[in-house]
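If you want the building blocks of each chain, they are given just below.
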Amino acid sequence: MNHFKIALGVLLVSIAAIPVFAQYSPAQIHTLDSTLTILHQQSMFNGAVLIADHGKVKYKKAFGKVHISTNEPLKTSSAFNLASVSKQFIAMMVMLLEEKGKLDYDDPVIKHLPAFPYETVTIRHLLTHTSGLPEYFDLALAHQNTLDTLTNDELLQLLADFQPKPGFEPGERWGYCNTGYVLLASVIEKAAKMPIETFFQQQITGPLGLKDTYIYTLGMKQSPANRVFGFRRENGLEIPNDLIRFDGVVGDGNIYSSVDDLLKWDQSLYTEKLVSAKTLKEAFTPVRLNNGTTFPYGFAWSMDSSGQVLSHTGSWVGFLNEITRDTKNRQTVIILSSGSDGIARKCLKEILAGKQPELPRLELITNVQLIDGTGTPPRWCAVRLRDNKIWETGNLSAFPGETVTNGSGQVLAPGFIDSHSHHFGGLQDSPGGLALVSQGVTSIVIGQDGNSYPIDTIRQIMKKRPVAINIASYTGHTTLREMVMGENDVLRVARPDEVAQMQTLMKTEMEKGSLGLATGLEYERAFYSNRSEVLDLAKTTAALGGRYISHIRSEDVSLDEAIDEIIQIGREAKLPVQISHIKIAKRDRWGYAPTLLAQLESARASGVDITADCYPYDFWRSTLRVLFPNRDYTNPVSAEFAVNQLFDPALSPLLSYAPNPEYSGKSIVEVAALRKETPAQTLMYLIAAAAEFDRKNPDFSDNTEGIMGKSMGEPDLECFLAWPHTNICSDGSWGGHPRGYGAFTRVLGRYVRERKIMSLETAVYKMTGLAAEHLGITDRGIVAPGYFADLVLFNPATVQDRATVQQPDALSSGIEKVWVNGQLVYAAQKPTGQFPGVFIQRK
Ligand SMILES: [Zn+2]
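Parameters and conventions
Residues numbered from 1 in each chain as written. Predicted model: local features only at pLDDT ≥ 70, side-chain atom pairs only at ≥ 80, totals over all residues. Heavy atoms only, no water. Helix = DSSP H or I, 4+ residues; strand = E, 2+ residues; numbered from the N terminus. Buried < 20%, exposed > 50% of the residue type's maximum accessible area, 1.4 Å probe, protein only. Areas by Shrake-Rupley, 256 points an atom, 1.4 Å probe, with all protein chains shown as cover. Lys, Arg positive; Asp, Glu negative; His and termini not counted. Charge placed at Lys NZ, Arg CZ, Asp CG, Glu CD. Pairing = 2+ DSSP bridges. Axes fitted to C-alpha atoms, helices over the stretch in contact; angles between N-to-C directions. Donors = N, O, S within 2.8 Å, 3.2 Å for Na, K, Ca; no water. Tetrahedral: all angles 85-135°; square planar, octahedral: opposite > 155°, others 65-115°. Polar contact = N/O pair within 3.5 Å; in protein donor to acceptor, adjacent residues only side chain to side chain. Patch = residues over 30% accessible without salt bridge, like charges linked within 9 Å, V, L, I, M, F, W, Y side chains within 5 Å. Salt bridge = Lys/Arg side-chain N within 4 Å of Asp/Glu carboxyl O. Phe/Tyr/Trp six-rings, centres within 6.5 Å; stacked < 30°, edge-to-face > 60°. Core = buried A, V, L, I, M, F, W, Y, C linked by side-chain atoms within 4.5 Å. Contact = heavy atoms within 4.5 Å. Parallel < 35°, antiparallel > 145°, perpendicular 65-115°, else oblique. Left-handed = near helix turned anticlockwise from the far one by under 90°. Expected span 1.5 Å × (residues − 1). Nonpolar A, V, L, I, M, F, W, Y, C, P; charged D, E, K, R; others polar. pLDDT = per-residue confidence, 0-100.

What exactly am I supposed to notice about the overall build of the chain here?
When you go through the chain residue by residue, the secondary structure sums to 27 helices and 34 strands. For the chain, the spread of C-alpha atoms along the three principal axes comes to 115 × 55 × 50 Å. When burial is assessed residue by residue, the chain has 58% of its 843 residues classed as buried. Accessible surface computed for the chain: about 32700 Å², of which carbon and sulfur atoms make up 51%. Charged side chains in the chain number 82 positive and 91 negative. The centres of these two groups are separated by 5 Å.

This is the structure:
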């Protein structure tokens with residue numbers, strides 16, 4: 001069914017003509033020939049091209065085969081389904097009948113087809129696509145048995161029975177309409193009083209000596225001998241893509257011809273062999289609409305602004321064609337092809353316009369175990385890239401002249417998607433994205449924890465300094481608060497008018513491509529918001545198809561209320577919600593992960609699309625002040641509570657401490673021993689001294705203090721990582737916490753290979769396909785034809801994080817190569833200097 005829909009989508013005409021010049025130089029012809037040869041060798045062209053000047057052939061060649069199951073070579077006399085190029089022959093038959101007095105262009109169609117239900121539509125409306133009639137495909141799909149072959153009579157009957165609403169009044173507008181040309185074929189049979197194939201043969205192909213030109217529909221018993229069969233290429237295989245059940249009709253397509261015959265046809269249009277010059281002139285004149293304006297289309301011919309270059313395209317199932325006639329310079333360009341690939345037509349135009357053709361960049365990655373990001377097990381195959389996309393996967397062999405990368409038996413997977421990253425700032429200094437690409441990450445999602453840049457700003461920064469990886473962004477709640485309430489007035493609930501302003505800003509950002517709303521409710525600048533403020537913004541986001549992601553209001557003392565809040569937001573605003581870096585950071589709740597996940601599953605079962613992301617470490621990195629959830633930094637009771645419940649002071653080192661750099665690297669217990677205090681006393685002292693330092697050094701730009709807080713139990717962490725609705729994130733940046741360089745490789749090394757908490761394909765799925773799904777990204781995260789070519793090649797036996805608290809920027813091992821949008825960005829432990837990253841916007 002899938003290819004069928006695609007086929008319906010392309011039966012259209014493009015008005016852009018092939019540029020035609022007074023002379024085709026030998027160099028151009030040479031370039032054309034070598035280009036078509038390469039395209040044919042690389043399976044991108046199966047067809048015939050003819051170029052003529054004053055009727056004399058300048059270039060004529062056929063490449064490929066008539067049918068995918070025979071080796072019969074194509075010839076310039078092979079007959080292709082012309083698709084919409086057929087319409088010019090239908091129009092000619094109407095002109096012949098008009099000259100014979102059998103019909104008038106301004107006859108209502110009903111005069112010839114009494115069952116036709118639209119009284120004011122004339123033959124001229126049908127010829128010029130100004131009838132307003134709807135396309136017949138939907139009508140036939142809705143009312144016909146899928147096994148029935150549609151015929152012209154049945155199509156007329158469907159119109160009579162169901163009378164679908166026209167798109168506009170006849171003559172009001174121009175709107176390409178296949179239905180009109182099927183009806184014209186029926187009118188021809190009535191007016192000529194014979195089958196259309198007979199009339200066609202008697203009046204056109206016979207007199208012009210067109211030996212390869214005929215009407216063929218599925219209603220006919222025998223397939224003509226020189227008929228070309230349509231096909232398409234799919235994962236290295238050629239698949240029949242020929243006539244479908246709509247091809248019992250004739251008129252909009254289904255006339256077959258060869259490039260040889262079409263040159264004769266083209267030349268006849270400079271003579272009066274068929275109809276008078278006056279009749280032809282009218283056919284080549286832009287149609288006049290009811291309001292007096294014109295549209296550059298006559299009787300089945302498009303024209304350029306000079307009116308002298310006439311052309312028509314045709315595409316249907318496995319066929320793509322175009323004919324262009326420069327009537328001033330008497331030049332003709334014809335391309336007929338089977339195989340569904342438009343690249344030859346594009347290159348032909350570029351060459352004839354005097355440009356170097358842009359051939360697709362191909363790369364074949366062979367000898368890999370493909371883990372494709374859907375969660376299915378690895379399979380041995382090759383993957384072919386074409387420009388920035390995956391072209392095909394399967395048992396593929398190299399084309400002549402193609403770049404081949406031997407994957408040496410390693411795993412090829414979609415590039416990892418980091419759904420919660422703080423790497424954006426550092427990318428300006430390290431546009432190669434070393435921290436990310438070295439762990440296989442090809443896309444990051446920013447705007448997390450409530451803080452974001454406007455989408456326009458991100459685009460500008462990326463334009464000014466292109467980077468190796470792709471970037472998507474949420475819109476931060478805290479940022480909206482600061483913009484509307486003022487930077488220094490956010491420690492309160494927003495007023496209704498302020499919420500309304502935030503909603504307006506949110507809407508604008510969504511329209512510019514934001515993924516949705518991100519909150520950081522645990523942080524001071526958002527903590528004072530209430531649930532209804534967040535809910536209102538979430539509703540605005542939901543209305544525009546966005547999502548909600550949240551660093552929830554508490555990960556320790558008020559975890560239950562915070563979980564309840566995000567579930568309620570999902571339920572009431574009716575949008576997907578995701579818990580950022582899910583964890584249980586309170587020691588007396590360690591081991592509670594299964595209960596929490598059961599609660600999330602129950603919310604899911606009741607219809608709330610709640611998911612999570614998670615980084616694979618049992619310690620966090622933050623400021624000492626987060627250890628006082630009530631912000632009472634001098635309260636000894638709170639300090640005791642922190643030491644006993646919120647982290648393990650013996651396993652939690654200070655990362656930096658500006659007031660006394662000697663403390664850096666030491667745990668709170670170690671510092672307490674030096675100071676001869678209890679850990680709780682030390683905690684209060686450290687915060688007070690840091691505050692004092694900040695007061696005295698207002699220009700100090702680094703972090704005054706930072707701590708790595710061991711606050712989670714590994715069994716909980718493993719539960720969260722393994723939950724089927726958790727994708728992997730880093731929450732990392734360029735140093736500090738080792739997760740910035742090692743989160744993804746740590747999952748593959750420690751949690752997959754060593755602790756075996758999930759299979760490799762499941763872990764990859766959680767880094768790619770599932771992450772993309774959780775973000776609403778539909779064209780990345782899976783290795784399949786048509787997806788963007790973000791890829792990572794890694795060795796499953798050696799992949800491992802190396803970043804540690806002591807050396808947080810140590811590079812992972814086992815990541816061999818990384819591609820972003822089809823370009824290699826990381827190899828041999830180094831960025832390659834390519835910057836193909838793009839901004840990923842919500843679809
Ligand atoms: Zn966070």
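What is the right way to read the sheet that holds strand β21 (residues 470–473) from this model?
In a beta sheet, neighbouring strands are held together by backbone hydrogen bonds and run either parallel or antiparallel to one another. Spatial ordering of the open sheet is given by β19-β20-β21, a layout of 3 strands whose pairing is parallel. Each end of this open sheet is capped by a strand with a single partner; those strands are β19 (416–418) and β21. Geometrically, the sheet is characterised by an average inter-axis angle of 20° between neighbouring strands, direction not taken into account. Where β19 meets strand β20 (residues 441–446), 3 bridges bridge the pair, whose relative direction is parallel.

Could you clarify how one ought to interpret the coordination of the zinc ion in this entry?
Of the protein atoms, only D449 (OD), D449 (OD), H551 (ND1) and H581 (NE2) coordinate the zinc ion, at distances of 2.0 to 2.7 Å. Here the zinc ion is ringed by 4 donor atoms whose angles at the metal span 52 to 142°, and the overall shape comes out irregular. The sequence pattern describing where the donors of the zinc ion fall on their chain is D-x101-H-x29-H. Taken together, the positions of H551 in strand β24 (residues 547–551) and H581 in the loop between β25 (577–579) and α20 (593–605) put the pair 30 residues apart, joining distant regions of the chain. Residue class for H551 comes out buried when judged on its relative accessible area of 4%. A residue is classified by how much of its surface remains accessible, and H581, at 2% relative accessible area, is buried.

When you look at the sheet that holds strand β28 (residues 654–657) in this model, what are you seeing that I'm missing?
The strand order across the open sheet built from 3 strands is β27-β29-β28, with neighbouring strands paired in antiparallel fashion. At either end of the open sheet lies a strand with only one pairing partner, and these are β27 (619–622) and β28. Averaged over all neighbouring strand pairs, the angle between strand axes comes to 10°, with direction disregarded. Across 4 bridges, β27 lies against strand β29 (residues 705–710) in antiparallel orientation.

I would appreciate a short explanation of the side chain of N178 in the present structure.
Inspection of the secondary structure assignment puts N178 in helix α7 (residues 178–192). For N178, a relative accessible area of 0% translates into the label buried. A distance of 2.7 Å separates polar atoms of two side chains, one belonging to N178 and the other to K87.

Help me out: how do you make sense of the pairing of strand β31 (residues 791–794) in this one?
Side-chain positions along a regular strand alternate between the two faces of the sheet. Because side chains alternate across β31, one face comprises the buried residues L791 and L793, and the other comprises V792 and F794, equally buried. Here 4 bridges tie strand β18 (residues 411–414) to β31, and the two strands are oriented antiparallel to one another. The partner of L412 across the bridge, within β31, is L793. Sheet analysis places β31 next to strand β32 (residues 815–820), joined by 4 bridges and oriented antiparallel. The residue bridging L793 from the neighbouring strand is K817, located in β32.

What exactly am I supposed to notice about a negative patch on the surface here?
Where like charges cluster on the molecular surface, the negative patch consists of D148, D153, E154, E189 and E197. Checked against the element boundaries, D148 lands in the loop between α5 (136–143) and α6 (152–162).

Hey, could you run me through the packing of aromatic side chains in this one?
Describing an aromatic ring pair means giving the distance of the ring centres and the angle of the ring planes. Taken as a whole and judged by the stated rule, the model has 24 aromatic pairs. Pairing F89 with F200 gives two aromatic rings, centres 5.6 Å apart and planes at 80°, and the pair type is edge-to-face. Taken as a pair, F89 in helix α3 (residues 87–99) and F200 in helix α8 (residues 196–208) lie far apart in primary sequence, 111 residues in all. Of the two residues examined, F89 and F200, each falls in the buried class.

Where do I start with the nonpolar core in this structure?
The nonpolar side chains of a soluble globular protein tend to be buried with one another. Grouped together as the largest cluster of nonpolar side chains are 111 residues, with contacts concentrated most on L600, L624 and F794. When neighbours within four sequence positions are excluded, L624 is seen to be in contact with L654, Y657, I668, L683, L686, I687, E705 and I707. Counting 86 residues, the second-largest nonpolar core is a separate cluster that includes L50, A52, L159 and W301.

Explain the packing of α6 against α7 here, please?
Relative orientation and spacing of two packed helices are given, respectively, by the angle between their axes and the distance between those axes. Contact geometry of α6 with α7 gives a least axis separation of 10 Å together with a crossing angle of 120°. As the angle between them shows, α6 and α7 are arranged oblique. Like other packed secondary-structure pairs, α6 and α7 cross with a definite hand, here left-handed. On α7, the residues touching N152, L155, L156 and L159 of α6 are T179, V182, L183, A185 and S186.

What am I meant to see in α7 here?
Helical periodicity: at 3.6 residues per turn, an α-helix aligns residues three or four positions apart in one direction. Taking 1.5 Å as the rise per residue, α7 with 15 residues should run 21 Å; its terminal C-alpha atoms sit 21 Å apart, in good agreement. A large share of α7 lies buried, amounting to 13 of its 15 residues. K193 lies just past α7 and shows a positive phi near 55°.

Help me understand the packing of helix α2 (residues 26–41) against helix α11 (residues 343–352) in this model?
Closest axis-to-axis distance for the α2/α11 pair is 10 Å, and the angle between their directions is 165°. The angle between α2 and α11 falls in the class roughly antiparallel. Every pair of crossing elements has a handedness; the one defined by α2 and α11 is right-handed. Taking contact as the criterion, the partners of Q28, T31, L32, T35, L36 and L39 in α2 are, on α11, I343, A344, C347, L348, I351 and L352. Residue composition of the contact of α2 with α11, by class: 9 nonpolar, 3 polar and no charged.

Help me out: how do you make sense of the pattern of salt bridges in this one?
Once the charged atoms of two side chains with opposite charge are near each other, the side chains can pair. One pass over the structure, following the stated rule, counts 44 salt bridges. Residues D33 and K61 are paired through a salt bridge, measuring 3.0 Å at the closest nitrogen-oxygen approach. In this pair, D33 is assigned in helix α2 and K61 in strand β2 (residues 56–63), connecting sequence segments 28 residues apart. Note on D33: relative accessible area 22%, which makes it partly exposed.

Sorry if this is basic, but what is going on with helix α9 (residues 259–268) here?
Of all the 10 residues making up α9, 8 are buried; the element is thus mostly covered by neighbouring parts of the structure. When we look at burial in α9, the residues that qualify are V259, D260, D261, L262, L263, W265, D266 and S268.

What should I look at first to understand the confidence of the model for the chain in this one?
Note: predicted coordinates in regions of low pLDDT should not be interpreted at a detailed level. Averaged over all residues, the pLDDT of the chain equals 93, while 97% of them reach at least 70. Counting contacts from residues 1–16, a segment whose pLDDT is below 50, to residues more than four positions away or on other chains yields 33 contacts.

Looking at this structure, how should I read the environment of T403?
Within the secondary structure layout, T403 lies in strand β17 (residues 403–406). For T403, a relative accessible area of 45% corresponds to the partly exposed category. Considered as a pair, T403 and F700 are 297 residues apart in the sequence and their alpha carbons are 52 Å apart. Excluding residues that lie within four positions of it along the chain, T403 makes contacts with L362, E363 and L364.

I keep staring at the environment of R330 and nothing clicks. Help me out?
Relative to the elements of secondary structure, R330 occurs in the loop between β12 (319–326) and β13 (331–338). For R330 and H54, which are 276 residues apart along the polypeptide, the C-alpha to C-alpha distance reads 4.9 Å. The residues touching R330, leaving out its near neighbours within four places in the chain, are A52, D53, H54, G55 and Y270.

What's the story with the pairing of β18 in this structure? I'm lost.
Bridging between strand β14 (residues 362–370) and β18 involves 2 bridges; their strand directions are parallel. From the neighbouring strand, Q369 faces β18, where its bridge partner is V411.

Help me understand the side chain of T682 in this model?
Relative to the assigned elements, T682 resides in helix α23 (residues 679–696). Setting aside anything within four residues of it in sequence, one finds T682 in contact with I668, V671, A672, R675 and E677.

Please clarify how the environment of D387 should be interpreted in this entry.
Among the structural elements, D387 can be located in the loop between β15 (379–386) and β16 (389–394). Separated by 71 residues in sequence, D387 and W316 place their C-alpha atoms 25 Å apart. Among residues more than four places away in sequence, those in contact with D387 are P360, R361, N821 and G822.

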